[in-house]
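Next come the chains, spelled out residue by residue.
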Amino acid sequence: MSEAVEWLDLVDEHDEVIGAVTRDEAWARRLPVRGVNVFLVNPRGELWIPRRTPHKRMFPGCLDMSVGGHVERGESYGAAFRRETREELNLDVDTLPWRELGAFSPHGTGLNIFMRVYEIHTATDPPYNPEDFSGAEWLTPAALLARIAAGDPAKSDLAPLVRLCYGGKVP
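Residues numbered from 1 in each chain as written. Predicted model: local features only at pLDDT ≥ 70, side-chain atom pairs only at ≥ 80, totals over all residues. Heavy atoms only, no water.

*Asks:* Would you mind showing me how to read the overall build of the protein chain here?
*Replies:* Looking only at helices and strands, the protein chain features 4 helices and 8 strands. When the elements of the protein chain are put in sequence order from the N terminus, they spell out β-β-α-β-β-β-α-β-β-β-α-α. In summary, the protein chain has a C-alpha radius of gyration of 15 Å against a globular reference of 16 Å for 171 residues, a match within 12%. Across its three principal axes, the protein chain shows a C-alpha extent of roughly 45 × 40 × 35 Å. With 171 residues in all, the protein chain has 49% of them scored as buried. Partitioning the intrachain contacts of the protein chain with sequence separation of at least 6 by distance along the chain shows that 63% fall at a separation of at least 24. Surface summary for the protein chain: the accessible area is close to 8400 Å², and the carbon and sulfur share equals 52%. (Helix = DSSP H or I, 4+ residues; strand = E, 2+ residues; numbered from the N terminus. Rg over C-alpha atoms; globule rule 2.2 N^0.38 Å. Buried < 20%, exposed > 50% of the residue type's maximum accessible area, 1.4 Å probe, protein only. Contact = heavy atoms within 4.5 Å. Areas by Shrake-Rupley, 256 points an atom, 1.4 Å probe, with all protein chains shown as cover.)

As structure tokens, then:
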């Protein structure tokens, strides 16, 4: 059984939609598209950091953001935030305290795509989708960056995002 083709908005250097592209083509040609990422933060200032399942096509077995995904063709960043959080963590963001941390460009940030980053405040582990993650742990931003620097495999945008959003300090 083959996977469905995932269509994304192709954007220009100002994050304005200029067309459509498949996810595979966007990654193969490093074309500018949009994504969302989310960090769950507990009252101690620790981030909920999952590990991707070993069968993931990209970054298998790597540390990841609490939630991450592409903005689909015609979808808003906010709608993608809600959809991805529901798909990966089984959480309804409309029932939780959250905030947008920032909107980032791939230009000069170390990031691969345009993205909006959100933060959800919670004191409990989410009921995550076991197809996406094999487990998770709560880490301070500094402890997470130290683990990545020591060689723990991580998704390529994780360390740059933590530095941009938290500066390696407790939020």
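Let us keep going from here.
*Asks:* What exactly am I supposed to notice about unusual backbone geometry here?
*Replies:* With the exception of glycine, most residues fall at negative phi, and the peptide bonds are largely trans. Backbone geometry places Arg30, a non-glycine residue, at a positive phi of 55°. With respect to the secondary-structure elements, Arg30 resides in the loop between helix 1 (23-29) and strand 3 (34-41). For Arg30, a relative accessible area of 62% translates into the label exposed. In this structure, Asn90 takes a positive phi of about 55° despite not being glycine. Looking at where Asn90 falls in the secondary structure, it is placed in the loop between helix 2 (77-89) and strand 6 (98-104). By relative accessible area, which is 48% here, Asn90 ends up partly exposed.

*Asks:* Could you clarify how one ought to interpret the environment of Leu91 in this entry?
*Replies:* For Leu91, the position within the fold is in the loop between helix 2 and strand 6. Leu91 sits 38 residues away from Asn129 along the chain, and the two C-alpha atoms are 10 Å apart. Sequence-distant contacts of Leu91, that is, excluding residues within four places in its chain, are made with Leu40, Thr85, Arg86, Leu96, Pro126 and Pro127.

*Asks:* Just checking my understanding: could you explain the pattern of salt bridges for this structure?
*Replies:* Two side chains with opposite charge may pair up if their charged atoms get near one another. Per the stated rule, a full pass over the model turns up 18 salt bridges. Of the charged contacts, one joins Asp152 and Arg51 as a salt bridge, the two residues approaching to 3.0 Å between their closest N and O atoms. Here Asp152 is found in the loop between helix 3 (141-149) and helix 4 (158-166), whereas its partner Arg51 is found in strand 4 (residues 47-52), with 101 residues between them in sequence. Relative accessible area serves as the criterion here: at 17%, Asp152 is assigned to the buried category. On the accessibility criterion, Arg51 (24% relative accessible area) is partly exposed. Salt bridges here are not isolated pairs; linked through shared partners, they connect Glu72, Glu75, Arg83, Glu84 and Glu87. (Salt bridge = Lys/Arg side-chain N within 4 Å of Asp/Glu carboxyl O.)

*Asks:* I would appreciate a short explanation of the packing of aromatic side chains in the present structure.
*Replies:* Any pair of aromatic rings gets described here by the distance separating the centres and the angle formed by the planes. For the structure on display, the rule yields 7 aromatic pairs. An angle of 80° between the planes, with centres 6.0 Å apart, marks the rings of Trp48 and Phe133 as edge-to-face. Here Trp48, found in strand 4, pairs with Phe133, found in strand 8 (residues 133-139); they are 85 residues apart in sequence, far enough to count as distant. Considered together, Trp48 and Phe133 belong to a single accessibility category, that of buried residues. In this structure an aromatic cluster arises from ring pairing among Trp48, Tyr128 and Phe133. (Phe/Tyr/Trp six-rings, centres within 6.5 Å; stacked < 30°, edge-to-face > 60°.)

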